[in-house]
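The primary structure of each chain is shown beneath.
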Amino acid sequence: MPKDSGTKVVTRFAPSPTGYLHIGGARTALFNWAYARRHGGTFILRVEDTDVARSTSRSSWQIVQDMLWLGLDWDKGPLSHPSNPDADEFVSSQPPENQRYFQSRRGDLYIEYLERLRKGGHVYRCFKTPEQLKAEREAARAAKSPEKYDPTESLSRSEADQQRLIDAKKPFVWRFRMPEADVTVNDLVLGDVTIKREELEDFVIMRSSVDGQPGLPMFHFANVVDDADMSVTHVLRAQEHLMNTPKHVAMFDALGIARPAYAHMPLIFNPDGTKMSKRDKAKTARAAAQDWIKKNGGKAEALLAKIVNHNEVRKSTLAGLGMTQPALDLFLAKKSDDANLAGFIAGALGIALPEIDVKDFRDNGYLKDVLLNYVSLLGWSPKGDVERFDLDFLRDNFDFSGIGKSNAKFDRAKLLAFNGDRIAKMPREEFEKHLADRLNAPGTEHVNLRAKLGQDPAKISLLAAAYQLRAKTLNDPLKAAAFLGEPDDAIKAKDEKTRKVLVDNDGAALQMLTRLAECLKAVEPWDPPSIHTAMEKFAAELGKPIGEIAQPLRVAITGTTVSPPIDLTLALLGKESTLTRIRHAG
RNA sequence: GGCCCCGUCGUCUAGUCCGGUCUAGGACACCAGGUUUUCAUCCUGGUAACACGGGUUCGAAUCCCGUCGGGGUCACCA
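Student: So what's going on with the environment of Ala339? Which residues, and what values?
Tutor: Residue position: Ala339 is located in helix H14 (residues 339-349). In the structure, Ala339 is positioned 60 residues away from Arg279 in sequence and 8.1 Å away in space, judged by C-alpha atoms.

Here it is in structure tokens:
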């Protein structure tokens with residue numbers, strides 16, 4: 001039971017806007033959402049953008065988009081659709097009351113709380129420069145003594161002395177004075193965790209600024225002040241924050257405000273045990289790029305040319321998107337991990353980048369329900385053997401007692417299996433809609449297929465029928481059906497083994513196909529049942545199993561030995577193309 | 001390195017709090033067989049784990065200690 005079962009549950013998701021929503025962040029958001037919803041509480045979305053160097057308005061917008069897509073609605077937070085649609089103006093175009101959910105816009109509050117701490121004697125000024133502190137840490141490390149901040153100097157400075165330094169425009173930070181006692185955190189997942197006083201040090205809560213006024217608050221302080229100010233009752237976050245929690249509860253105690261309940265959940269890693277970070281995309285793209293350059297003359301310029309060519313746009317257009325030779329060189333030299341560049345490289349080289357952000361999974365054809373379902377299984381499990389469930393189930397069953405303690409590895413194969421399963425089970429119309437949306441999405445990726453299938457609902461319907469049981473992602477059908485969009489006279493067997501299906505037996509298969517073409521010419525209407533009937537009849541006349549007819553035909557029209565059932569494939573291709581492709585086979 | 005958290009099939013996990021019902025269950029992956037015009041779907045079956053060592057107990061995956069292993073954290077980042 002929550003410690004204060006009488007009061008309303010308030011949870012929050014507090015991302016820092018440095019990019020799209022990370023998959024781990026999505027799980028945190030999901031659990032906080034579920035807990036608030038289950039208990040009829042309030043779910044707050046609060047943007048922690050006190051690090052001005054890394055935070056951007058666009059990222060805040062992106063995170064909001066991801067939350068919307070996932071269907072995680074919040075009761076308090078930014079307006080999801082402010083009057084100004086420009087992502088770069090997302091924060092500034094929020095109404096004042098919504099701007100309160102961006103930490104960068106509520107500085108007055110931190111000053112107020114700082115004053116409270118100051119009156120209680122819980123904070124002090126520290127005039128040491130970052131360089132000084134760094135040197136002290138290094139000296140301590142060299143001497144193998146604990147690298148702990150020593151408050152003696154700052155604490156012993158008289159008020160007059162401090163004023164003198166302030167008047168001299170010396171920058172200073174405010175530090176929080178840790179109490180002289182061990183701190184125990186009562187974690188809802190981990191149990192009681194006690195940290196000894198000697199392990200705790202006084203930490204900066206307000207950055208410096210030159211004018212003698214306090215600067216922006218640090219994460220620990222802003223986080224606590226906001227949780228206090230917003231009456232957050234339950235803080236559910238990743239285990240990487242566990243060692244921060246003693247600092248946080250000490251501040252709550254100093255403020256005389258009841259602590260929220262804390263619950264730290266296990267971390268999510270790549271299968272190889274490394275962190276799932278945005279960098280993984282850059283790493284993958286860089287490796288592929290370097291490999292390609294090595295095999296193609298060793299010039300990075302050639303890669304840029306290939307990227308320009310692939311995107312069928314002018315070089316200047318790409319440069320506007322940050323794709324320039326200097327940027328590329330920086331990227332290749334590991335001096336930058338730009339995600340856009342990684343995307344361009346992957347597109348041009350035809351490689352897949354690891355999905356890390358919610359956006360990646362969305363783009364790659366994962367269903368939001370599946371993503372939420374899978375990610376919630378990483379670190380949480382419902383009672384019984386239930387494993388496939390929807391958001392409603394999670395909302396009705398989520399509890400801290402189901403959260404595990406050990407870290408998990410993200411298994412894409414399982415996610416993929418869940419996704420394919422959900423696709424197979426969705427209503428056909430829904431699948432058709434997904435396919436149409438993706439086929440008609442802006443971009444050059446599916447131009448040929450789009451041209452072939454056009455806006456014809458009947459064709460989309462056939463495509464859906466052909467691929468629903470074969471698709472693991474919503475993108476799979478479009479990739480697998482790409483052969484449909486190729487020029488009819490350019491279909492070639494993809495390798496020697498495949499070609500043999502066509503040309504073995506002294507060309508008997510080819511002769512057979514020529515006769516089959518005659519037969520197909522008469523098929524009307526050109527739909528799967530009619531095609532099927534015609535082929536069965538043809539096979540019967542030849543006294544052969546239909547497989548011996550279908551397989552050479554498949555190679556002739558697709559260039560491979562794999563496709564959906566042959567009647568569906570032919571119907572999708574169209575009569576003209578089918579006959580042309582048979583004519584050019586061999 | 002200090003401190004903190006964790007350690008059940010390859011992976012995610014159930015079981016651990018309240019020792020016996022656990023010859024350890026499920027899912028994904030893998031393997032084999034069946035259905036099928038290819039692929040896929042579908043069906044059936046199978047391989048596979050309590051990190052190690054002590055202790056407590058009639059009895060330990062479950063309790064205690066130690067070892068080993070993994071992770072987190074040690075900023076004017078969050």
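Student: Residues and numbers for the environment of Asp489, please.
Tutor: Mapped onto the elements of the fold, Asp489 is located in the loop between helix H22 (476-480) and helix H23 (496-521). Its relative accessible area of 52% is what places Asp489 among the exposed residues. When the C-alpha positions of Asp489 and Ser577 are compared, they lie 9.0 Å apart, and in sequence the two are 88 residues distant.

Student: If you had to explain the pattern of salt bridges to someone new, which residues and values would you point to?
Tutor: On inspection of all chains with the given rule, the structure shows 43 salt bridges. Ionic pairing is found between Glu387 and Lys414, a salt bridge with its closest N-O pair at 2.8 Å. In this pair, Glu387 sits in the loop between helix H16 (368-377) and helix H17 (391-397) while Lys414 sits in helix H18 (residues 412-425), placing the two residues 27 residues apart along the sequence. Residue Arg395 is joined to Asp392 by a salt bridge in which the shortest nitrogen-to-oxygen separation is 2.9 Å. One end of the pair, Arg395, and the other, Asp392, are both in helix H17, 3 residues apart, so they sit about a helical turn from each other.

Student: An account of unusual backbone geometry is needed here, citing residue identities and associated values.
Tutor: Residue Glu524 is joined to Pro525 through a cis peptide bond whose omega torsion reads -5°. Assignment of secondary structure puts Pro525 in the loop between H23 and helix H24 (528-542).

Student: Requested: an account of helix H2 (residues 57-70), with residues and values cited.
Tutor: With 14 residues, H2 extends 20 Å between its outermost C-alpha atoms, agreeing within 8% with the 20 Å of an ideal straight helix rising 1.5 Å per residue. Among the 14 residues that make up H2, 10 are buried, leaving the element largely enclosed by the rest of the structure. All of the buried residues along H2 are Ser57, Ser59, Ser60, Gln62, Ile63, Val64, Gln65, Asp66, Met67 and Leu70. Considering only its buried residues, H2 is in contact with strand E1 (10-13), helix H1 (23-38), strand E2 (42-45), helix H15 (358-363), H16 and H17. Among the residues trailing H2, Gly71 stands out with phi positive, at a value near 85°.

Student: Any chance you could break down the protein's contact with RNA strand B for me, citing the residues and the numbers?
Tutor: Close to RNA strand B lie 65 residues; Asp51, Arg207, Glu387, Arg470 and Ser563 are nearest. Sugar plus phosphate, as a fraction of atoms of RNA strand B within 4 Å of the protein: 72%. One of the side-chain nitrogen or oxygen atoms of Thr50 is found 2.7 Å away from a phosphate oxygen of RNA strand B. Residue Lys414 places a side-chain N or O atom 3.0 Å away from a base nitrogen belonging to RNA strand B. For the surface near RNA strand B, the secondary structure elements donating two or more residues are helix H5 (130-142), strand E4 (173-176), strand E6 (191-195), helix H8 (219-229), strand E11 (408-409), H18 and helix H25 (546-558). No other element matches H25, which puts 5 residues into the surface near RNA strand B. Split into classes, the residues belonging to the surface near RNA strand B amount to 26 nonpolar, 18 polar and 21 charged.

Student: So, the pairing of E2: which residues are in play, and what are the values?
Tutor: Burial along E2 is two-sided: Thr42 and Ile44 facing one way and Phe43 and Leu45 facing the other are all buried. By the bridge criterion, 4 bridges tie E1 to E2 in an arrangement that is parallel. The partner of Phe13 across the bridge, within E2, is Leu45. Traced from E1 through H1 to E2, the parallel crossover comes out right-handed.

Student: With reference to specific residues and values, describe the packing of helix H11 (residues 300-311) against helix H13 (residues 325-332).
Tutor: Close contact between H11 and H13 brings their axes to 10 Å; oriented N to C, the two are set at 115°. Handedness of the H11/H13 crossing: right-handed. Residues Ala300, Glu301, Leu303 and Leu304 of H11 pack against Gln325, Leu328, Asp329 and Leu332 of H13. Along the lines of polarity and charge, the residues of the contact of H11 with H13 split into 5 nonpolar, 1 polar and 2 charged.

Student: Quick one: what's the story with the packing of aromatic side chains, residue by residue and with numbers?
Tutor: With the rule as written, the count across this model stands at 16 aromatic pairs. Seen from their ring centres, Trp380 and Phe389 are 5.9 Å apart, and the 90° between their planes marks the pair as edge-to-face. Across this residue pair, the class does not change: Trp380 and Phe389 are buried. Each residue in the set Phe31, Tyr35, Trp380, Phe389, Phe393, Phe398 and Phe400 is aromatic and connected to the rest through ring pairs, giving one cluster. A cation over an aromatic ring shows up here: Arg286 above the ring of Phe331, its NZ or CZ 5.1 Å from the ring centre. It is Arg388 that lies over the ring of Phe418; its NZ or CZ is 3.9 Å from the centre.

Student: So what's going on with the sheet that holds strand E3 (residues 123-126)? Which residues, and what values?
Tutor: Reading across from one edge, E3-E4-E7 is the order of the 3 strands in this open sheet, with antiparallel pairing throughout. Sheet topology places E3 and strand E7 (203-206) at the edges, where each strand pairs with a single neighbour. Taking each pair of neighbouring strands and ignoring which way they run, the sheet shows an average axis angle of 45°. For E4 and E7, the ladder comprises 3 bridges, and the chain directions are antiparallel. Residue pairing across strands places Arg175 opposite Val204, the latter belonging to E7.

Student: Describe the nonpolar core, with residues and values.
Tutor: Ranked by size, the top nonpolar core spans 100 residues in total, and within it Leu30, Met67, Phe398, Phe410, Leu520, Leu553 and Leu570 carry the most contacts. The dominant element in this core, judged by the number of residues it contributes, is H1, at 9 residues. Listed in part, the 38 residues of the second largest apolar core include Val185, Val225, Ala228 and Val235.

The rules behind each value
Residues numbered from 1 in each chain as written. Chains lettered and ligands numbered in written order. Predicted model: local features only at pLDDT ≥ 70, side-chain atom pairs only at ≥ 80, totals over all residues. Heavy atoms only, no water. Helix = DSSP H or I, 4+ residues; strand = E, 2+ residues; numbered from the N terminus. Buried < 20%, exposed > 50% of the residue type's maximum accessible area, 1.4 Å probe, protein only. Salt bridge = Lys/Arg side-chain N within 4 Å of Asp/Glu carboxyl O. Expected span 1.5 Å × (residues − 1). Contact = heavy atoms within 4.5 Å. Near = heavy atom within 4 Å. Polar contact = N/O pair within 3.5 Å; in protein donor to acceptor, adjacent residues only side chain to side chain. Nonpolar A, V, L, I, M, F, W, Y, C, P; charged D, E, K, R; others polar. Pairing = 2+ DSSP bridges. Right-handed = clockwise from strand over helix to strand, strands pointing away. Axes fitted to C-alpha atoms, helices over the stretch in contact; angles between N-to-C directions. Left-handed = near helix turned anticlockwise from the far one by under 90°. Phe/Tyr/Trp six-rings, centres within 6.5 Å; stacked < 30°, edge-to-face > 60°. Lys NZ or Arg CZ within 6 Å of the ring centre and 35° of its normal. Core = buried A, V, L, I, M, F, W, Y, C linked by side-chain atoms within 4.5 Å.

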